[in-house]
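Commentary on secondary and tertiary structure
Spelled out, the chains give:
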Amino acid sequence: MTRLGDVCEKIGSGATPRGGKEAYKDAGIPIIRSQNIHDWVFQPDGLAFLDDEQAESLSNVEVRSNDVLLNITGDSVARACIVPSERIPARVNQHVAIVRAGKEINPTYLLASLQSKKTMLLSLASSGATRNALTKRMIENLDIDLPSREIQDSIAQVLDSIQYKITLNNRLNDYLLELISSVFAHRFSSNVNTTDLKNVLSISTKALKPQEHASEIWEHYSIPAFDEKHRPIFEPASEIKSNKYQIDNECILISKLNPSTKRIWMPYCSSNNAVCSTEFIVYRPYLKEYKSFYYAAIDSPGFTDYLLEHVSGSTGSRQRAQPKDTLHYLMPNPSNEEIKDFCTFADPIYRHVQINEQQTAKLELLRDTLLPKLMSGEIDVSKVDLTQLT
């Protein structure tokens, strides 16, 4: 076993520029926050920026290529990923630690070590008196297995090959969804005919009480699952702690919680037992064959702006859009032929997005299944066929 601090060039948390988040810019040098760090994956949504002067004042927390970033506070503590090269140069705030590999350790192997020790890190983080937190000393004193650099590189190659395919799927899906949004805006943004949302969609609040279905497994569409790249969680009803809304493949979900962070979901339920968080608004189209058109309509910037104008609660994450208010949103109302033509274009693209998501879920399961076996030596990494993995 090797102490992590002995094989890392740097372990240290970031800082916040003077003026806090009010000082962030719309462009410039990125400042990476905990919301950008997910397990294995860097999520650019909500990325903040600094000007050159602000960045210079934080030069001691500059992120370099192949740095591992680790969340050290809050509900997302112990999530870790490698910073993408396209985000360099960057800085990190005080909720994120830079864990920089030394010459003895492969950066991907370093990330894999942190991922394999996540249960331990979560336990350490919860030992504090107030909130979840990892200290520099806790990270430095973490014991990891350190095989030869050749074995490290081989393990890293296996994990990188899987992660590369996951990244490609995510990027392709981002492109496909952007394409649909662009085509929708081009065709319908100047449409003079409009209609209230209530004329094409209803709000469903059919509830599930988990205690009445304790022995059943449910496909759970939650806010955390969405934030982890659209992955529903399958779990026994006995482990679902509060009432949920029942959903099916005809529904469209959009989060009413903190609408400045857009969360819109087209579920592809694999069973009849599917539920979502009550923090979602569940829309049900009157004409299900037009679902793609309605989804694109509420995925538009205009609808997001409308949500932000109809919120209750204090600022930030406590704000919630009011479901009934959304029914008065004026959306484009083209002819049936135009809607059908758009759906003919969009339906197969949304289906392709779904296929990519399903493949990514399988790759993530493969990665998470292989990880402990690779790290323990149970699987001989030299016998892994990379061409078969992806």
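Residues numbered from 1 in each chain as written. Predicted model: local features only at pLDDT ≥ 70, side-chain atom pairs only at ≥ 80, totals over all residues. Heavy atoms only, no water.

1. Points about the layout of surface pockets
Of the pockets and cavities examined, the second largest pocket occupies roughly 750 Å³. Every residue lining the second largest pocket is counted, 30 residues in all, and those nearest its centre are His230, Arg231, Pro232, Ala361 and Glu364. Ranked by residue count, the leading element in the lining of the second largest pocket is helix H10 (residues 336-376), at nine residues. Taken together, the residues of the lining of the second largest pocket break down into twelve nonpolar, seven polar and eleven charged. (1 Å grid on protein atoms, 1.4 Å probe; cavity = no way out; pocket = protein on both sides within 12 Å on 5 of 7 lines; lining within 4 Å. Points joined across faces, edges and corners; volume = space filled by probe spheres on them. Helix = DSSP H or I, 4+ residues; strand = E, 2+ residues; numbered from the N terminus. Nonpolar A, V, L, I, M, F, W, Y, C, P; charged D, E, K, R; others polar.)

2. Focus on the packing of aromatic side chains
Describing an aromatic ring pair means giving the distance of the ring centres and the angle of the ring planes. Enumeration over the complete set of coordinates arrives at 16 aromatic pairs. Residues phenylalanine 188 and phenylalanine 342 carry aromatic rings whose centres are separated by 5.7 Å and whose planes lie at 75 degrees to one another, so their mutual orientation is edge-to-face. Of this pair, phenylalanine 188 sits in helix H5 (residues 149-188) while phenylalanine 342 sits in helix H10, placing them 154 residues apart in sequence. In this pair, the class of phenylalanine 188 matches that of phenylalanine 342, namely buried. Every member of this aromatic cluster is reached through a ring pair, and the members are Phe184, Phe188, Tyr290, Phe293, Tyr294, Phe342 and Phe345. Here the guanidinium or amino end of arginine 187 rests over the ring plane of phenylalanine 345, the centre of that ring lying 5.8 Å away. Directly above the aromatic system of tyrosine 268 lies the positively charged group of lysine 291, at a separation of 5.9 Å from the ring centroid. (Phe/Tyr/Trp six-rings, centres within 6.5 Å; stacked < 30°, edge-to-face > 60°. Buried < 20%, exposed > 50% of the residue type's maximum accessible area, 1.4 Å probe, protein only. Lys NZ or Arg CZ within 6 Å of the ring centre and 35° of its normal.)

3. Some thoughts on unusual backbone geometry
Look at the link from isoleucine 88 to proline 89: it is a cis peptide, with omega at 0 degrees. Along the polypeptide, proline 89 turns up in the loop between strand E7 (80-82) and strand E8 (90-92). The phi torsion at tryptophan 40 lies on the positive side, around 75 degrees, for a residue other than glycine. Within the secondary structure, tryptophan 40 is located in the loop between strand E3 (29-32) and strand E4 (48-50). A positive phi angle, near 80 degrees, is found at alanine 78, a position not held by glycine.

4. Some details on helix H2 (residues 107-116)
The buried count for H2 comes to nine of ten residues, which makes it a mostly enclosed element. Every buried residue of H2 is listed here: Pro107, Thr108, Tyr109, Leu110, Leu111, Ala112, Ser113, Leu114 and Gln115. Residue asparagine 106 occupies the N-cap position of H2, its side-chain oxygen lying 2.8 Å from the main-chain nitrogen of threonine 108. (Polar contact = N/O pair within 3.5 Å; in protein donor to acceptor, adjacent residues only side chain to side chain.)

5. A closer look at the pattern of salt bridges
If you walk through the whole model with that rule in mind, you get 15 salt bridges. Taking the shortest distance from any N to any O, the salt bridge between lysine 118 and aspartate 39 comes out at 2.6 Å. You can see lysine 118 sitting in helix H3 (residues 118-125) and its partner aspartate 39 sitting in the loop between E3 and E4, a full 79 residues away along the chain. A salt bridge links aspartate 341 to arginine 187, with the nearest nitrogen and oxygen atoms 3.0 Å apart. A residue pair is termed long-range when its members are at least 10 positions apart, and aspartate 341 in helix H10 and arginine 187 in helix H5 qualify at 154 residues. Shared partners join several salt bridges into a network, and the residues in it are Asp248, Glu250, Arg284 and Lys288. (Salt bridge = Lys/Arg side-chain N within 4 Å of Asp/Glu carboxyl O.)

Keep in mind these numbers describe shape, not what the thing actually does.
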